[in-house]
Amino acid sequence: MNIQALHFVLDIDGNGSVAGWEVVAALKWAFSLPGRLMVEGLGNIPPIADAFGIQASAATGYASFHSLLATVLTLAFWVGCLILITRIGAHRAAISTAAAEAEPPVAPGMPHYRGPKARKT
């Protein structure tokens, strides 16, 4: 299966070196890849492709890779990733105020630290 969205050339102008604008183009390609892959997959399903006007297949060309739909899908993917990353560890049990004011639990066999001792004069 030939996935057109995965075709990428880093040295775009073919001069043998990588310029700064080519690096920027590579980053743009990488960040827009999820949306382009989804659009290409949806473009291969004829009823969905007709409903959304997707032209991302070998028969119709790949004009929809830079469409609003691809941009929205890419944005939704990255926002979803950020939400998942920020939610990691967020389901911890909330500490009640009474428990927070109480003395913290001491591990067995560990002496409780009571702060610095007063100097002997």
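Residues numbered from 1 in each chain as written. Predicted model: local features only at pLDDT ≥ 70, side-chain atom pairs only at ≥ 80, totals over all residues. Heavy atoms only, no water.

Okay, the UniProt feature "transmembrane region" (unreviewed entry) in the protein next. With numbering matched to this structure, UniProt assigns "transmembrane region" (unreviewed entry) to residues 65–85. In residues 65–85, the share of helix is 86% and the share of strand is 0%. The end C-alpha atoms are 27 Å apart. (UniProt positions renumbered as here; feature names shortened; annotations may be inferred. Helix = DSSP H or I, 4+ residues; strand = E, 2+ residues; numbered from the N terminus.)

Along the chain, R36 falls in helix 1 (residues 20–43). Although R36 is buried, it forms no salt bridge, and the closest oppositely charged side chain is E40 at an N-O distance of 7.8 Å. With near-sequence residues (within four places) excluded, R36 lies in contact with A5, W29, F65 and T74. (Buried < 20%, exposed > 50% of the residue type's maximum accessible area, 1.4 Å probe, protein only. Lys, Arg positive; Asp, Glu negative; His and termini not counted. Salt bridge = Lys/Arg side-chain N within 4 Å of Asp/Glu carboxyl O. Contact = heavy atoms within 4.5 Å.)

Looking now at a nonpolar patch on the surface. A cluster of nonpolar side chains, namely F8, L10, V18, V23, L27, F31, M38, F77 and W78, defines an oily patch on the protein surface of about 770 Å² accessible area. Those elements giving two or more residues to the nonpolar patch turn out to be helix 1 and helix 3 (68–87). Among the elements that take part in the nonpolar patch, helix 1 stands out by supplying 4 residues, more than any other. (Patch = residues over 30% accessible without salt bridge, like charges linked within 9 Å, V, L, I, M, F, W, Y side chains within 5 Å. Areas by Shrake-Rupley, 256 points an atom, 1.4 Å probe, with all protein chains shown as cover.)

In a regular helix each residue adds 1.5 Å, so 24 residues correspond to 34 Å; helix 1 covers 33 Å between its end C-alpha atoms and thus fits that length. Of all the bends in helix 1, the largest measures some 50 degrees and sits at L33, one to four residues before the proline P34. Of the positions making up helix 1, those classed as buried are E22, A26, L33, P34, G35, R36, V39, E40 and G43. (Expected span 1.5 Å × (residues − 1). Bend = angle between axes of the 7 residues up to and from the residue.)

Turning next to the nonpolar core. Counting residues in each nonpolar core, the largest one holds 5 residues, listed as V39, A49, I54, A70 and L73. With near-sequence residues (within four places) excluded, A49 lies in contact with L42, G43 and I54. (Core = buried A, V, L, I, M, F, W, Y, C linked by side-chain atoms within 4.5 Å.)

Now for the packing of aromatic side chains. Inspection of the entire model under this criterion finds 2 aromatic pairs. Residues F31 and W78 carry aromatic rings whose centres are separated by 5.5 Å and whose planes lie at 65 degrees to one another, so their mutual orientation is edge-to-face. Here W78 lies in helix 3 and F31 lies in helix 1, a separation of 47 residues in the sequence. Under the relative-accessibility criterion, W78 is labelled partly exposed at 32%. Between F77 and W78 the ring centres are 5.0 Å apart and the planes differ by 80 degrees, which places this aromatic pair in the edge-to-face class. Connected via pairs of aromatic rings, a cluster forms that spans F31, F77 and W78. (Phe/Tyr/Trp six-rings, centres within 6.5 Å; stacked < 30°, edge-to-face > 60°.)

A few words now on helix 3. With 20 residues, helix 3 should cover 28 Å at 1.5 Å per step; its first-to-last C-alpha distance of 28 Å lies within 8% of that length. Listing the buried residues of helix 3 in full gives A70, L73 and T74. Summarising the axial view, the buried residues of helix 3 lie within an arc of 100 degrees, below the 170-degree limit, and thus occupy one face. Among the exposed residues of helix 3, those pointing more than 90 degrees away from its buried face are L68, L75, L82 and T86. Residues of helix 3 that are buried make contact with helix 1. (Arc of directions from axis to C-beta.)

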